[in-house]
Amino acid sequence: MKEKIIIFDTTLRDGDQSLQHSLKSNDKLKIAKLLEKMGVDIIEAGFPISSPEDFKSVNLISKNIKNSTICSLARCKNEDIDIAAKAMSNSFSRSFRIHLFIGTSNLHIKYKLRKNFEEILEMAINSVKRAKKYTNDIEFSCEDAGRTNIDNLCIIIENVIKHGVTTINIPDTVGYNIPTEFSKIIKLIINKVPNIDKSIISIHCHNDLGMAAGNSITAIQSGARQIEGTINGIGERSGNTALEEIIMAIKTRKDILNFYTDINHKKIYKTSKIISKICNVNISPNKSIIGSNAFSHSSGIHQDGILKNRKNYEIISPETIGAKNKEFNLTSRSGRAAIKYHMNKMGYSEDKYNLNKLYKNFIKLTDKYGRIFSYDLEALAFLKNFKKESNYFKLKHLKISIKNNVENNILIKLVCGENTKICSIKTKSNIIYAICKIFSKTSNIKIKLKKFKSIFEKDKNNLINKVSIIILYKKNKFYGEKITSNFIESYTKSIVNVLNSIWKYNKIIR
Ligand code: KIV
Ligand code: ZN
């Protein structure tokens, strides 16, 4: 029989701790609702003693969430415990968890807490007794357990369980452990602590050596039944265990891992995206499960293999996590199979073009410009002198003046082939959409902005801006991207690129 792994999410506590700006209560509530919908068992909503805003967040979340247990962090101090309980006193479900923690390694005891082991043990027991006045659901964390002397660890665990702790958490606080070692710690606890059966064993791993997911999986194989982590792996330093990795590892490797979670996998992608946006933390493209490259196949051999059978190179389908199937990236690494696939999708069978010739030109183009898109491929196949074709649209001048902080006046001079067109508009609407509109009007090409993304990056000592856009034209998506020192320039240049692609596209279609 498969056993359940309890999913404990600490995005709003350990994750929030690592953000440049901690989250406001309404954003925290939005995230808590997503986690609840995804099926998270326990949501650690915050550390109420840490700030009035955090108290407010925990209070708001506990009033509004009914299907996940709400939990608050508290040091082994009376005021922390009382405030944590107060923050959750109006819980929708009336039950809540208090999560106590204290450093148990010699390092933490001596240099951080400046106490001795007996004093720590006493503080731990007293705090459990205090928390018991408010709830029967008490979690106790031996902070830095991964570097704690095993005998001391077992003494603390036995004592806190004796006084009513229902979940005992073993954190690898500094991400120091490796899987075999961490598994041994869990097994030793199970063998040495006589009353361990009265409590669930939880683990909480950090990713400083990139071992967080590995340590978490090995811990459940050794007897732990709760995993703590965050969405997208955000958290102190290199972050916490990324829950999406654990959830999908349990699902994907059910042949080996005899466990299940109550998570609705289809919600993972959306939850991850929204959290990344709210927290303002970008997801690295190669991040497992939710990175933008997680389901994209680039090399010719891989693309060919995928076309023959997706299982050749995909262990999880994007649909499993609620993501859309990705188109192949067309780069200089792509092969004929990918070209044929894209041409086919656009309605061109192989007898309509010369595949070998197209492939040769495609490689030349992608070597020079990097990734290209279906419409470029189409132009390459059917436009004579594609390379020599100079751009039809060129931006000569753009001026934006803001009147009384509300009205924008935009003026552009756009070279359209042989002519230069001048156009101006006055608008009170969003400047990003207004710029797209004026380009549409001047070029006489009906476009609509579907997606706009702007990222500032540091290049040596200069701040540069990358704008990526998706434009809709006659139900087709056109992509534009540009990096300059100024975001309006990056944006307008990407629109001009898109207009030129559409112009070439129209030449073929007509
Ligand atoms: O990493 C850690 O030890 C913690 C505890 C508070 C559980 O975050
Ligand atoms: Zn932590």
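Residues numbered from 1 in each chain as written. Chains lettered and ligands numbered in written order. Predicted model: local features only at pLDDT ≥ 70, side-chain atom pairs only at ≥ 80, totals over all residues. Heavy atoms only, no water.

**Concerning the site of ligand 1**
Okay, step 1: Taken together, Arg-13, Asp-14, His-99, Phe-101, Ser-141, Glu-143, Asn-169, Pro-171, Thr-173, His-204 and His-206 form the complete shell of residues around ligand 1.
Okay, step 2: With respect to ligand 1, the side chain of Arg-13 contributes an N or O atom lying 3.0 Å from an oxygen atom.
Okay, step 3: In this structure, an oxygen atom belonging to ligand 1 sits 3.0 Å away from a side-chain N or O atom of Asp-14.
Okay, step 4: Protein chains shield 94% of the accessible area of ligand 1, which is 260 Å² for the free molecule.
Okay, step 5: Broken down by secondary-structure element, the contributors of at least two residues to the shell around ligand 1 are α1 (11-17), β5 (96-103), β6 (137-143) and β7 (167-172).
Okay, step 6: Grouping the amino acids of the shell around ligand 1 by side-chain chemistry returns 2 nonpolar, 6 polar and 3 charged. (Near = heavy atom within 4 Å. Polar contact = N/O pair within 3.5 Å; in protein donor to acceptor, adjacent residues only side chain to side chain. Areas by Shrake-Rupley, 256 points an atom, 1.4 Å probe, with all protein chains shown as cover. Helix = DSSP H or I, 4+ residues; strand = E, 2+ residues; numbered from the N terminus. Nonpolar A, V, L, I, M, F, W, Y, C, P; charged D, E, K, R; others polar.)

**Digging into unusual backbone geometry**
Okay, step 1: The phi dihedral of Arg-237 is positive, around 55°, even though this residue is not glycine.
Okay, step 2: Here Arg-237 shows up in the loop between β9 (226-229) and α10 (243-252).
Okay, step 3: A positive phi angle, near 65°, is found at Asn-444, a position not held by glycine.
Okay, step 4: Relative to the elements of secondary structure, Asn-444 occurs in the loop between α16 (431-443) and β14 (448-459).
Okay, step 5: Residue classification places Asn-444 among the exposed positions, given a relative accessible area of 64%. (Buried < 20%, exposed > 50% of the residue type's maximum accessible area, 1.4 Å probe, protein only.)

**A look at the coordination of the zinc ion (ligand 2)**
Okay, step 1: For the zinc ion (ligand 2), the full set of protein donor atoms is Asp-14 (OD), His-204 (NE2) and His-206 (NE2), at a range of 2.0 to 2.1 Å.
Okay, step 2: Mapped onto the sequence, the residues coordinating the zinc ion (ligand 2) show the spacing D-x189-H-x1-H. Within this pair, whereas Asp-14 is found in helix α1, its partner His-206 is found in the loop between β8 (200-205) and α9 (212-221), the two being separated by 192 residues in sequence. Accessibility assignment for this pair places Asp-14 and His-206 in one class, buried. (Donors = N, O, S within 2.8 Å, 3.2 Å for Na, K, Ca; no water.)

**A look at the nonpolar core**
Okay, step 1: Grouped together as the largest cluster of nonpolar side chains are 84 residues, with contacts concentrated most on Ile-98, Leu-100, Phe-140, Ile-157, Ile-170 and Ile-203.
Okay, step 2: At 7 residues, helix α6 (residues 117-132) tops the list of elements feeding residues into this core.
Okay, step 3: The next biggest cluster of nonpolar side chains, apart from the first, holds 32 residues, and it includes Ile-425, Cys-436, Ile-438 and Val-498. (Core = buried A, V, L, I, M, F, W, Y, C linked by side-chain atoms within 4.5 Å.)

**Observations concerning the sheet that holds strand β3 (residues 42-46)**
Okay, step 1: Taken together, 8 strands build a closed barrel; the order of strands is β2-β3-β4-β5-β6-β7-β8-β9 and the barrel is parallel. When the angles between neighbouring strand axes are averaged without regard to direction, this sheet yields 25°.
Okay, step 2: The pairing of β8 with β9 spans 3 bridges and is classified as parallel. By the bridge assignment, His-204 is partnered in β9 with Glu-228.
Okay, step 3: Across the sheet, helix α2 (residues 25-38) is in contact with β2 (6-9) and β3; its angle to β3 comes to roughly 175°. (Pairing = 2+ DSSP bridges. Axes fitted to C-alpha atoms, helices over the stretch in contact; angles between N-to-C directions. Contact = heavy atoms within 4.5 Å.)

Note that every value here comes from positions in space, so none of it alone points to a role or purpose.
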